[in-house]
Amino acid sequence: MAFTQEEKEYFMGQALLEAQKAAANEEVPIGAVIVREGEIIARAFNRRELDGRATHHAEICAIEAANEAVGNWRLLDCALFVTIEPCVMCSGAIGLARIPEIYFGATNPKFGAAVSLYQILEDTRLNHRVAVQGGVLEIECANIMKTFFQKRRKSSKE
């Protein structure tokens, strides 16, 4: 899939809308969309608190929705757009779902498993590799996280 910069920014903008939904629900504001043939087939945001499930990260929820939309566990002709670099769990799920490419907004220095701490998605020891591109609407994606955690710290002090 060859996305133009404009398309990448559009799809990441859609992921940011999902992140805003997460923030409105007092969830860590991470959003994701999955694109197939130029159309969004799944969208999701972090739902750990809402659902009481440790695994309900935006990427996992989006993958599950895309599996249902496609009718298959393999997402071979899809791309994932996520506001923050995926963690180890989500990177594993992305590879297992056979998603060929992901785009993320901001890096995740504490938990990132695509480029920051680990490079799981492009590890040649694994049987499936994923093309990774970061920095799409990076400032916007980083700012929503920064604002969320600033508010959380402020409210915990009060």
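All of these numbers come straight from a predicted model, not from anything done at the bench. Position numbers for residues count from 1 along each chain, tracking the sequence in the order it is written. A pLDDT threshold of at least 70 governs which residues receive local features in this predicted model, and a stricter bar of 80 or more applies before side-chain atom pairs are shown or counted, although totals over entire chains, interfaces and linings include all residues. Note: side-chain values were computed over all heavy atoms of the structure, leaving out hydrogens and water.

Participant: Can you help me understand the nonpolar core in this one?
Facilitator: A general feature of soluble globular proteins is that nonpolar side chains tend to end up buried together. By nonpolar core we mean a set of buried residues, namely Ala, Val, Leu, Ile, Met, Phe, Trp, Tyr and Cys, connected to one another through side-chain atoms within 4.5 Å. Note on classification: 1.4 Å probe, protein chains only; a residue is buried when its accessible area is under 20% of the maximum for its type, exposed when over 50%, partly exposed between these limits. Membership of the largest hydrophobic core comes to 47 residues, with the highest contact counts inside it found for Ile-34, Phe-81, Ile-99 and Ile-102. Elements are defined by DSSP. Helices are runs of H or I of four residues or more, strands are runs of E of two residues or more, and each kind is numbered from the N terminus. For this core, the secondary structure elements donating two or more residues are α1 (5-24), β1 (31-36), β2 (39-45), α3 (58-70), β3 (78-84), α4 (88-96), β4 (101-106) and α5 (138-157). We call two residues in contact when some of their heavy atoms are within 4.5 Å. Apart from residues lying up to four places away in sequence, Ile-34 is in contact with Glu-39, Ile-40, Ile-41, Ala-42, Ala-62, Ile-63, Ala-66, Leu-75, Cys-78, Ala-79, Leu-80 and Ile-99.

Participant: What should I look at first to understand the pattern of salt bridges in this one?
Facilitator: Side chains bearing opposite charge may pair, as long as their charged atoms lie close to each other. Here, a salt bridge means any Lys or Arg side-chain nitrogen found within 4 Å of an Asp or Glu carboxyl oxygen. A full pass over the atoms with the stated rule returns five salt bridges. Of the charged contacts in the structure, one is a salt bridge between Glu-18 and Arg-43, with a shortest N-O distance of 3.5 Å. With Glu-18 in helix α1 and Arg-43 in strand β2, this residue pair connects regions lying 25 residues apart in the sequence. A relative accessible area of 2% places Glu-18 in the buried class. Using a relative accessible area of 36% as the deciding quantity, one classes Arg-43 as partly exposed. A salt bridge links Asp-123 to Arg-125; the nearest nitrogen and oxygen atoms lie 2.6 Å apart.

Participant: Would you take a moment to explain the side chain of His-128 for this structure?
Facilitator: Mapped onto the elements, His-128 comes out in the loop between β4 and β5 (131-133). Identification of polar contacts relies on pairs of N or O atoms within 3.5 Å, with a donor-acceptor requirement for protein atoms, meaning one able to donate a hydrogen and the other able to accept it, and with residues adjacent in sequence counted only if both atoms are side-chain atoms. Looking at His-128, its side chain comes within polar contact range of the main-chain oxygen of Ile-99, at 3.3 Å. The contact partners of His-128, leaving out residues within four places of it in the chain, are Gly-95, Arg-98, Ile-99, Pro-100 and Leu-121.

Participant: Looking at this structure, how should I read the UniProt feature "active site" (unreviewed entry) in the chain?
Facilitator: UniProt positions are given in the numbering used here, feature names are shortened, and annotations may be inferred rather than shown by experiment. Per the UniProt entry, the sites bearing "active site" (unreviewed entry) are Glu-59 in this numbering. Structurally, Glu-59 can be placed in helix α3. Residues within four places of Glu-59 in sequence aside, it is in contact with Ala-32, Leu-80, Val-82, Ile-84, Pro-86 and Cys-90.

Participant: What is the right way to look at unusual backbone geometry in this model?
Facilitator: For residues besides glycine, phi is generally negative; the peptide bonds are generally trans as well. At Arg-98, a position not held by glycine, the phi torsion is positive, near 65 degrees. Relative to the helices and strands, Arg-98 is located in the loop between α4 and β4. Despite not being glycine, Leu-137 has its phi angle at roughly 50 degrees, a positive value. Inspection of the secondary structure assignment puts Leu-137 in the loop between β5 and α5. By relative accessible area, Leu-137 is classed as buried at 18%.

Participant: How do you make sense of the pairing of β3 when you look at a structure like this?
Facilitator: Most of β3 is tucked away: seven of the seven residues are buried. Across five bridges, β1 lies against β3 in antiparallel orientation. The residue bridging Arg-36 from the neighbouring strand is Cys-78, located in β3. Pairing of β3 with β4 involves five bridges; the strand directions are parallel. If you follow Ile-84 over to β4, its bridge partner there is Ala-106. Between the parallel pair β3 and β4, the chain is carried across by α4, and the sense of this crossover is right-handed. Only strands joined by at least two bridges in the DSSP assignment are considered to pair. Seen with its strands pointing away from the viewer, a crossover is right-handed when the path leading from the first strand over the helix to the second is clockwise.

Participant: What exactly am I supposed to notice about the packing of α1 against α5 here?
Facilitator: A packed helix pair is summarised by two numbers, namely the angle formed by the two axes and the spacing between the axes. Helix axes are fitted to C-alpha atoms over the stretch in contact, other axes to C-alpha atoms as well, and angles between N-to-C directions run from 0 to 180 degrees. In the contact formed by α1 and α5, the axes pass within 10 Å of each other and the chain directions differ by 5 degrees. Considering the angle they form, α1 stands roughly parallel to α5. Along its contact with α1, which presents Met-12, Leu-16, Ala-19, Gln-20 and Ala-23, the element α5 presents Glu-140, Cys-141, Ile-144 and Phe-148. A per-class count over the contact of α1 with α5 returns seven nonpolar, one polar and one charged. By the definition adopted for this analysis, an angle is roughly parallel if under 35 degrees, roughly antiparallel if over 145, roughly perpendicular if from 65 to 115, and oblique otherwise. Three classes are used, and their members are as follows: Ala, Val, Leu, Ile, Met, Phe, Trp, Tyr, Cys and Pro are nonpolar, Asp, Glu, Lys and Arg are charged, and the others, Gly among them, are polar.

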